[in-house]
Amino acid sequence: MSPFDGYGLVAATELCDAIARYDKLRLVVEDVVSGRIVGLVEFGFDVVAGDIARYREAGIGLGATDCRFGVTLADGHQGRGVGSRVFPLVADVARRFGRTRVILFGGVLAENARAIRYYEKNGFRAVGSFTGGDGVRSLDMVLDLDA
């Protein structure tokens, strides 16, 4: 599920305007054949209070060597191995920024079996669950890059 209505000019402008305003690094995934942007990889290098509290309940203390991560892919590019090809780069970027652990931005919807499999395949493990303000249950997952 993407927090953006699309990957057009409006979304791109909003993302570019946010550069250097937040603690985030955003990378795009381009379909080489069409030249279209089909995905977004986002890192947050400041762990927020809500994440700290939820992970503390799971017995995990978050700190300066942790980062948040999220990926979205256009529907037509899901299930085609794109995310799996991108993930080694994700881990490399986190390491280059001195991070040893990665958590998910806002967790993953507990009913999203496909996404959960993707994260588990790439080394994430579920450490807890929570119910968001919308009443939907999500899982918190963590990846230890040193493992």
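As a starting point, this report considers the structure included with it. (Residues numbered from 1 in each chain as written. Predicted model: local features only at pLDDT ≥ 70, side-chain atom pairs only at ≥ 80, totals over all residues. Heavy atoms only, no water.)

### Quick look at the overall build of the chain
Put simply, the rule reads: By the criteria applied, helices consist of DSSP H or I runs no shorter than four residues and strands consist of E runs no shorter than two, each listed in order from the N terminus. Burial classes: relative accessible area under 20% of the type maximum marks a residue as buried, over 50% as exposed, and values in between as partly exposed (1.4 Å probe, protein chains only). Residue contacts are counted whenever heavy atoms from the two residues lie within 4.5 Å of one another. In this description, accessible areas are obtained by the Shrake-Rupley approach with a 1.4 Å probe, and a residue is regarded as covered only by the protein chains that are shown.
Check the secondary structure of the chain and you find four helices and seven strands. Shown N-terminal to C-terminal, the secondary structure of the chain runs as helices and strands in the order α-β-β-α-β-α-β-β-α-β-β. Per-residue burial over the chain gives 38% buried out of 147 residues. Within the chain, residue pairs in contact and separated by at least 24 positions form 60% of the contacts whose partners lie at least 6 positions apart. Looking at the chain as shown, the accessible area adds up to about 8600 Å², and 53% of this sits on carbon and sulfur atoms.

### Observations regarding the environment of Glu 30
Secondary-structure assignment places Glu 30 in strand 1 (residues 24–30). A relative accessible area of 48% means that Glu 30 is categorised as partly exposed. When the C-alpha positions of Glu 30 and Leu 40 are compared, they lie 9.1 Å apart, and in sequence the two are ten residues distant. Residues in contact with Glu 30, not counting those within four places in the same chain, are Gly 35, Arg 36, Ile 37 and Val 38.

### Considerations on the nonpolar core
Rules: Take the buried residues of types Ala, Val, Leu, Ile, Met, Phe, Trp, Tyr and Cys, join any two whose side-chain atoms come within 4.5 Å, and each joined set is a nonpolar core.
Ranked by size, the top nonpolar core spans 27 residues in total, and within it Phe 43, Phe 69, Tyr 119 and Phe 124 carry the most contacts. Residue contributions to this core peak at seven residues, all from helix 3 (residues 82–96). Listed in part, the seven residues of the second largest apolar core include Val 47, Tyr 55, Ile 60 and Val 127.

That's the geometry; what it means functionally is another story.
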